[in-house]
Each structure stands twice: as C-alpha cells, then as structure tokens.
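Structural overview for review
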Amino acid sequence: GDPFVFDYKGQEIKLCCKDCKKDFDKETAKFVAKIDAAAKKVKAYTLKNCVVSDEEIGDAHGEPFVFIQKGQEIKLCCKDCKKDFDKSPAKFMSKIAAAKK
C-alpha cells in the first residue's frame, strides 16, 4: 500500500504504513537517531534549479521543498513539483546523476 507520511518537528517522516506510527511513537528517540544517522550519508543536491520545473531554487517560490530519495537529497522549487516528481522519479533521478558528471 501507500506509505504513511507525517510531520515530526518540521521533518517529513515516511513509514511503510500507518500501523508503524504506534511503534514510532513508543520509541521516537530511537527512530529519530536512525533517521539522523542515515541523513549523514545523503548525497547533497548540487543543482541550482529545480529538477522538475527547471526554475531557480529559492526564486519566486520561496523556500525549496526538500526530501530524500534513495540516499539523494532533492530540492524542488515548491511542494507542487513533488507530485510531478512522484509520477516519474527515475527520470528526475537520472537528470540529477547526469548533472553530476
């Protein structure tokens, strides 16, 4: 099924399902520590533009929408671009990889 996504202190948390939220709530510190450790391994997003709209990050849209996809930080110009990203993530991930070369 679809993952369960929620906000925890300004950070988006994605779990496999809603039932796992009760485990997260029981041992929040343990899971936040795991998330923080994983975040240290994330590859930085080095592009100046949104990989979806090609608009400059932080331009007219304000703060970028930031998330992690398969160990890669992604910065989009706005949250609306996330819908388009989710329709074809492999396409956008390959654009990021190509830009690094």
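That block above? That's the structure.
About the cut-offs
Residues numbered from 1 in each chain as written. Predicted model: local features only at pLDDT ≥ 70, side-chain atom pairs only at ≥ 80, totals over all residues. Heavy atoms only, no water. Helix = DSSP H or I, 4+ residues; strand = E, 2+ residues; numbered from the N terminus. Buried < 20%, exposed > 50% of the residue type's maximum accessible area, 1.4 Å probe, protein only. Areas by Shrake-Rupley, 256 points an atom, 1.4 Å probe, with all protein chains shown as cover. Phe/Tyr/Trp six-rings, centres within 6.5 Å; stacked < 30°, edge-to-face > 60°. Lys NZ or Arg CZ within 6 Å of the ring centre and 35° of its normal. Core = buried A, V, L, I, M, F, W, Y, C linked by side-chain atoms within 4.5 Å. Contact = heavy atoms within 4.5 Å. Pairing = 2+ DSSP bridges. Salt bridge = Lys/Arg side-chain N within 4 Å of Asp/Glu carboxyl O.

1. Topic: the overall build of the protein chain
- Of regular secondary structure, the protein chain possesses 4 helices and 4 strands.
- When the helices and strands of the protein chain are placed in sequence order, the string is β-β-α-α-β-β-α-α.
- Taken over the C-alpha atoms alone, the protein chain extends approximately 40 × 25 × 25 Å along its principal axes.
- Each of the 101 residues in the protein chain was classed as buried or not, and the buried ones make up 26%.
- A total of about 7,100 Å² of accessible surface is found on the protein chain, and carbon and sulfur atoms cover 52% of it.

2. What about the packing of aromatic side chains?
- If you walk through the whole model with that rule in mind, you get 7 aromatic pairs.
- The interplanar angle of 40° and the centroid separation of 5.8 Å between the aromatic rings of phenylalanine 65 and phenylalanine 67 together place this pair among those described as tilted. Residues phenylalanine 65 and phenylalanine 67 agree in their burial class; the two are buried.
- Among the aromatic side chains, those forming a connected cluster through ring pairs are Phe4, Phe6, Tyr8, Phe24 and Phe31.
- Geometry around phenylalanine 6 places lysine 21 over its ring, the cationic atom sitting 4.7 Å from the centre.
- The ring of phenylalanine 67 carries lysine 82 above its face, with NZ or CZ at 4.5 Å from the centroid.

3. Brief notes about the nonpolar core
- The biggest cluster of nonpolar side chains holds 16 residues, and the ones touching the most others in it are Cys50, Val51, Val52, Ile74, Leu76, Cys81 and Phe85.
- Mapped onto this core, the elements with two or more residues apiece are β3 (65-69), β4 (72-76), α3 (80-87) and α4 (89-100).
- Once residues within four sequence positions are removed from consideration, cysteine 81 is found in contact with Cys50, Val52, Ser53 and Leu76.
- With 5 residues, the next largest nonpolar core counts Phe6, Leu15, Phe24 and Val32 among its residues.

4. A word on the pairing of β4
- Counting buried residues along β4, 4 of its 5 residues qualify, which places the element largely inside the surrounding structure.
- Bridge count between β3 and β4: 5 bridges; the pairing is antiparallel. Looking at the pairing, isoleucine 68 lines up with glutamate 73 of β4.
- Hairpin geometry of β3 and β4 is characterised by an intervening segment of 2 residues between the two adjacent antiparallel strands and by a positive phi of about 50° at lysine 70.

5. Some words on the pattern of salt bridges
- Summed over the entire model, instances satisfying the criterion amount to 4 salt bridges.
- Here lysine 82 ties to aspartate 86 by a salt bridge, and the two come within 2.8 Å at their closest N and O atoms. You can see lysine 82 and its partner aspartate 86 sitting in helix α3, 4 residues apart, about one turn around the helix.
- On the basis of relative accessible area, lysine 82 is assigned to the buried category, the value being 12%.
- Residues lysine 87 and aspartate 84 are paired through a salt bridge, measuring 3.6 Å at the closest nitrogen-oxygen approach. Of this pair, lysine 87 and aspartate 84 are both found in helix α3, 3 residues apart, which corresponds to roughly one turn of the helix.

Limitation: the analysis is restricted to geometry and does not speak to function.
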